[in-house]
Amino acid sequence: MDHEKITGKRFFYVTALNIIITITEFVGGFVSGSLGLISDAFHNLEDSLSIVISYVANVIGQRKNNAKKTFGYKRAEILAAFVNSIILVIITVMMVFESFKRLNQPQHIDGKLMMIVSVIGLVANLVSMLMLMSGSKHNLNIKATFLHMLTDTLSSVGVFVASIFVILFNWNWVDPVITIVIAIWLLKEAYTVVSETINILMEASPKINLTAVEAEIMTIPEIVRVHHMHVWMIDENHIMLDAHINVLKNCNMKELDTLYDQVDKLLLDKFNITHVTLQAECSRGLDNSLID
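Model, not experiment: these values are computed from the prediction.

With that settled, the discussion passes to the packing of helix α5 (residues 140-169) against helix α6 (residues 174-201). Look at α5 against α6: their axes get within 9 Å of each other, and the N-to-C directions meet at 170°. In terms of their interaxial angle, α5 and α6 are classed as roughly antiparallel. Across the interface between the two elements, Leu140, Lys143, Ala144, Leu147, Leu150, Thr151, Leu154, Ser155, Gly158, Val159, Ala162 and Phe165 of α5 pack against Val174, Asp175, Ile178, Ile182, Trp185, Leu186, Glu189, Val193, Glu196, Thr197 and Ile200 of α6. Residue composition of the contact of α5 with α6, by class: 15 nonpolar, 4 polar and 4 charged.

Here it is in structure tokens:
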């Protein structure tokens, strides 16, 4: 299943599961006194919002290009991934501060109730995570939502482990410590998504060696120079390139069509560049560098 096949019904099921988990963990967290459960509940509350944002962006992203949006609507999903990741970072930082406060002011925790609610959360989060796993492999939008699910699954595991220590040894401090450990891991993962989405929105070059691209284009005998090259991404699956090429002076228009087809196939096969725009020139720009 690729990301285009993540259906509205599947998003609905994941959202419904998260709303149920949120209510259960808020009630369980306040009654038991567990910060880990309350933290998990906040994450799940935000997850419900992120799933809706992700789904709406997924639908918008599949719309066809038109005169107003000539590259289509793929960037909608990149924007959604960016927003979801930023929100996740903010909530996580808030929970870290709350965890340190709990370490300084320990509170009584009902370990048995904490364990029961954590198991319910673990099962529901695991199901949600598995429902989005395949779509997360090739789509930053769904990956950002999947990270929320994965984090909550790990958080539920952490709360369950903490509840064991609370029940057996009355170690209430384990609860906020588990929250901090999970938060550190989450911040690292969220940073990766934020970084990737910013690079795409800023139209930064993907991880492609431009000199290697130039060398491949230059293997075509009719091309004598490549300059004014730009490479960027519409989303994580669509790489664009435009460049000026100097061709032999006796190259005619019919030969140019064949040459363009050669470059298109070469760059798609070698670098997965999906859209190529070339401007053929004779002597103009011969002295320019590759990215001038």
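Let us now look at the confidence of the model for the chain. Mean pLDDT over the chain works out to 81, with 92% of the residues at or above the 70 mark. Within the chain, no element has a lower average pLDDT than helix α2 (residues 35-61), which sits at 74, and none a higher one than helix α7 (residues 210-217), at 93. Note that residues 1-5 has pLDDT below 50 and, in this model, 15 contacts with residues that lie over four places away or in other chains.

Between α7 and helix α8 (residues 253-271), the least distance of the axes is 10 Å, while the angle of their chain directions is 140°. In terms of orientation, α7 and α8 fall into the oblique class. Crossing of α7 against α8: the hand is right-handed. Packed against α7, whose contacting residues are Ala212, Val213, Glu216 and Ile217, the element α8 presents Val263, Leu266, Leu267, Lys270 and Phe271 at the interface. Along the lines of polarity and charge, the residues of the contact of α7 with α8 split into 7 nonpolar, no polar and 2 charged.

Before going further, it helps to examine the UniProt feature "domain: Cation efflux protein cytoplasmic" (unreviewed entry) in the chain. Those places that UniProt annotates as "domain: Cation efflux protein cytoplasmic" (unreviewed entry) correspond, in this numbering, to residues 207-281. As annotated, residues 207-281 has a helix share of 36% and a strand share of 43%, and its two end C-alpha atoms lie 28 Å apart.

About the criteria used
- Residue positions are given per chain, counted from 1 along the sequence in the order it is written.
- For a predicted model such as this one, the threshold for reporting local features is a pLDDT of at least 70, and the threshold for listing and counting side-chain atom pairs is 80 or more; totals across whole chains, interfaces and linings nevertheless cover every residue.
- In computing side-chain properties, one takes all heavy atoms of the structure into account and sets aside hydrogens as well as water.
- Convention adopted: a line fitted to C-alpha atoms gives each axis, helices being fitted over their contacting stretch, and angles between N-to-C directions are expressed from 0 to 180 degrees.
- The helix count covers DSSP runs of H or I at least four residues long, the strand count covers runs of E at least two residues long, and both are numbered beginning at the N terminus.
- Any angle from 65 to 115 degrees is called roughly perpendicular, while one under 35 is roughly parallel, one over 145 is roughly antiparallel, and all others are oblique.
- The criterion used for residue contact is that any of the two residues' heavy atoms lie within 4.5 Å.
- Each residue receives one of three labels: charged for Asp, Glu, Lys and Arg, nonpolar for Ala, Val, Leu, Ile, Met, Phe, Trp, Tyr, Cys and Pro, and polar for the others, Gly being one of them.
- One number per residue, pLDDT, summarises how confident the predictor is, and it ranges from 0 to 100.
- Note on convention: the crossing is left-handed when the near helix lies turned anticlockwise from the far helix by less than a right angle, right-handed when the turn is clockwise.
- UniProt positions are given in the numbering used here, feature names are shortened, and annotations may be inferred rather than shown by experiment.

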